[in-house]
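Coordinate inspection notes
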Amino acid sequence: MANRNMQPTTTQSSNSPQPAEPSTDSPASEQTPANKDDSGPPAEPSPAAGEAEGVAEGSEERPTKMTLDLSSFRRSGEKTFTQRSRLFVGNLPLDMPEEEFKNMFAKYGKITEVYISRDRGFGFVRLETRTLAEIAKAELDGTVLNNRAIRIRFASHGASLTVRNLMPAVTNELLDQAFSQFGPVERAIVVTDDRGRPTGRGIVEFTNKASARKALECCTEGALLLTSTPCPAIVEPSEHLDDEDGLPEKLLPKIPRFHKEREQPPHFAQPGTFEFEYASRWKALHEMEKQQKDQVNKNIREAKEKLEAELEAAKHEHQLMLMRQDLMRRQEELRRLEELRNQELQRRKQIEMRHEEERRRREEELMRHREQEEMRRHPDGFKPNYLDNRNDRFQQGGSVGGRSDVESPKQQQQQQQQQQQHQQQQHQQQQHQQLPSPMGPQVGPAAGFGRGNPVGSVFDEPNSKRRRY
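Residues numbered from 1 in each chain as written. Predicted model: local features only at pLDDT ≥ 70, side-chain atom pairs only at ≥ 80, totals over all residues. Heavy atoms only, no water.

1. A few points about the overall build of the chain
Using the following cut-off: Runs of E in the DSSP output that reach at least two residues are strands. Runs of H or I that reach at least four are helices, and both are numbered from the N terminus. For every residue, the accessible area obtained with a 1.4 Å probe (protein chains only) is divided by the maximum for its type, and the residue is called buried under 20%, exposed over 50%, and partly exposed between those limits. Two residues form a contact once any of their heavy atoms are found within 4.5 Å. Using a 1.4 Å probe, accessible areas were evaluated by the Shrake-Rupley method; residue-level cover was limited to the displayed protein chains.
Looking only at helices and strands, one finds 12 helices and 10 strands in the chain. Buried positions account for 22% of the 469 residues belonging to the chain. The contacts of the chain with a sequence gap of at least 6 include a subset with a gap of at least 24, amounting to 67%. Just so you have it, the chain exposes about 35,800 Å², and 51% of that area is on carbon and sulfur atoms.

As C-alpha cells, this is what we get:
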C-alpha cells in the first residue's frame, strides 16, 4: 500500500480523491449498477467491442496512472499554506534523508515548510490547503518505513486565540476585520450550534505568534468593542484538543499500571459491593459539581441580565445627555449669531449716522460758504430803515450797467422785484445766524430808541445790522 501511495499520479479533474483508489488497482473493474443487475442475454460482439477489449487487455498488461487536479481541492477564497495545513510526522527513521521526506508528500502539491529532527525521529511539513493535508494524513498515516509505522497528525496551532463574550451581531467577517489590526489573520470563525445560532464564542488564528501575543496583551489590558454595545471581547489562548483521532490502542504505552487496569473488562458494579459504594460516591461528587456549576451559571446569567438592563437605562440617559448638550450648543450658537447680527446692525447704524453727519456737515459748510460769498458781495449790509433800503435799491437800480433813467419802467420793475427777493433771502439767513441777547428779552423799546433812530449802532428792526458811521 505504501508503494502504491508513493507513485506520482496525474488526473483530469476530480472533486474527491475517493474514486481514485479503486481506479489505481484495476480500471477495468469499474461497472455501473445497471450493468451489474442486467440479467438479459449477452449482446453479440461488435468490431468496436472487440477493439475495446483489445485496449482493455493492453491496459491490463501495463499499470495505469491516475492523476488528480489539485486545484479542485481548493475552495474559493481559501487561504493557502496556513497553519491548519501543517502536519506533524512522528516515528520517522533516524536515517531518513530530507529528499525522501519531501518526495513522500510531493504528489499532494506544493510544499513550503519541511523540518526533520533526526535525533528524535519527527518532522513537520506544510501543504497548500487543508483538504490536501487531510488526504495526505489519511493515506500516509500508518505507512511502514524501515520497519517503523509513521504517525501523522495535524500540528497544533501556536497562534490561535479563543474569543468569548461575542454579541449575536458579530460575524466571521467582522471578527476578521476587528483582529486584522494586530497582524495578518489566517482564519476567523464564530462558533455556532447545530442550528446555526451563535454561541458567543469565536476562534481567531494568526499567521505568526507575535501577532497573537500582541492581540492577547491589548485585549487583556484594554476593552475591544466589536459593536456599538459596550460589551468587550474576552480573548484567551486556545486549548488544543484532538477530537478526530483520539488515543488508539497502539499508541498507549503498555506499562504495569496499564495491565493492572485492564485485568477486568467493562462491567456494571453490583449493588452492595465495594465497587458500587465508591462508584456512588463518585456520582454524588459529580452531581454536586453539576449543581454548583448550574448555580454559578444561573448567578452569572442573572448578573448579565441585570447588567444589560442597567446598560440599556444608562444608554438612554447618555443619549438624553448628548441631546441636552447638543441643544445647549445650538442655543449658544443661536445666541452668538444673534449677537453678531446685533453688532452688524449697530455697525450699519453707526455708518448711517456718520454718513448723515457728514452730509449735514457738508450742507453747513456749503451754507457757510454761501454766506461768505454774500458777505463779500454786500460788505455794507442792509440799510437801517425802509427809506434807506429803498434809496439803496434805487441807487443800485440806477447804477446797473452804467445806465440811469434810460431803461423802461417795465425793466425797472423787474429789477426791483429781483432785488427784493434777494434781500428777503439775505434777511432770512441773517435771522438764523442771530444769537439771543445775554441780558434776556426786552419788554419794550427804551427811551431814545425808535424806528430809524440809530443809537450806538443798534437798531430795533429785525433786519438791523451794525453799521459804522
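2. Quick look at the side chain of His157
Let me state the cut-off plainly: For the purposes of these results, a polar contact is taken to be a pair of N or O atoms within 3.5 Å, where, inside protein, one atom must be able to donate a hydrogen and its partner to accept one; residues adjacent in sequence count only when each atom of the pair is a side-chain atom.
Relative to the helices and strands, His157 resides in the loop between β6 (151-154) and β7 (160-164). Of the polar contacts made by the side chain of His157, one reaches the backbone nitrogen of Ala159; its length is 3.1 Å. A polar atom in the side chain of His157 sits 3.3 Å from the side chain of Glu186. Filtering out sequence-adjacent residues up to four positions away, His157 remains in contact with Gln83, Arg84, Glu186, Glu205, Phe206 and His240.

3. What to know about the environment of Gln181
Residue position: Gln181 is located in the loop between α7 (172-179) and β8 (185-192). Its relative accessible area of 53% is what places Gln181 among the exposed residues. Placed 34 residues apart in sequence, Gln181 and Ala215 show a C-alpha to C-alpha distance of 8.6 Å. Once residues lying within four places of it in the same chain are set aside, the contact partners of Gln181 are Lys214 and Leu224. Polar side-chain contacts of Gln181 include one of 2.8 Å to the backbone oxygen of Ala178.

4. Re the nonpolar core
So the rule is basically this: For the purposes of this section, nonpolar cores are sets of buried Ala, Val, Leu, Ile, Met, Phe, Trp, Tyr and Cys residues that join through side-chain atoms within 4.5 Å.
Ranked by internal contacts, the top residues of the largest apolar core, which has 21 residues, are Val163, Leu166, Leu175, Phe179, Val204, Phe206 and Leu226. Only β7, α7, β8, β9 (198-206) and α8 (209-221) provide two or more residues apiece to this core.

5. As for the sheet that holds strand β2 (residues 113-117)
Selection criterion: In this analysis, strands are considered paired if DSSP registers two or more bridges between them. Comment: axis = line fitted to C-alpha atoms, over the contacting stretch for helices; angle = value between 0 and 180 degrees taken between N-to-C directions.
The strand order across the open sheet formed by four strands is β2-β3-β1-β6, and the pairing between neighbours is antiparallel. Because the sheet does not close on itself, it has two edges, and the strands there are β2 and β6. For this sheet the average axis-to-axis angle between neighbouring strands, irrespective of direction, equals 15 degrees. Alignment of strand β1 (residues 86-90) against strand β3 (residues 122-126), held across five bridges, turns out to be antiparallel. Residue pairing for β3: Leu87 is matched across the bridge by Val125. Taken strand by strand, helix α6 (residues 130-140) contacts β1 and β6, and its axis lies near 155 degrees from that of β6.

6. Details of unusual backbone geometry
It is generally the case that most residues other than glycine have a negative phi and that most peptide bonds are trans. Positive phi values are uncommon outside glycine, yet Asn91 reaches one of about 60 degrees. Its location among the elements puts Asn91 in the loop between β1 and α5 (98-104). Unlike most non-glycine residues, Asn165 shows phi in positive territory, near 65 degrees. As for its placement among the helices and strands, Asn165 is situated in the loop between β7 and α7. Judged by relative accessible area, Asn165 falls into the partly exposed class, the value being 29%.

7. Side note on the state of the cysteines
Such a bond, covalent and formed between the sulfur atoms of two cysteines, is termed a disulfide. The line we're drawing: Two cysteine sulfurs form a disulfide in these notes if their separation is within 2.5 Å.
For the structure on display, the rule yields zero disulfides. This cysteine, Cys218, is not joined by any disulfide, and Cys219 carries the nearest cysteine sulfur, 6.7 Å off. Judged by relative accessible area, which is 8%, Cys219 ranks as buried.

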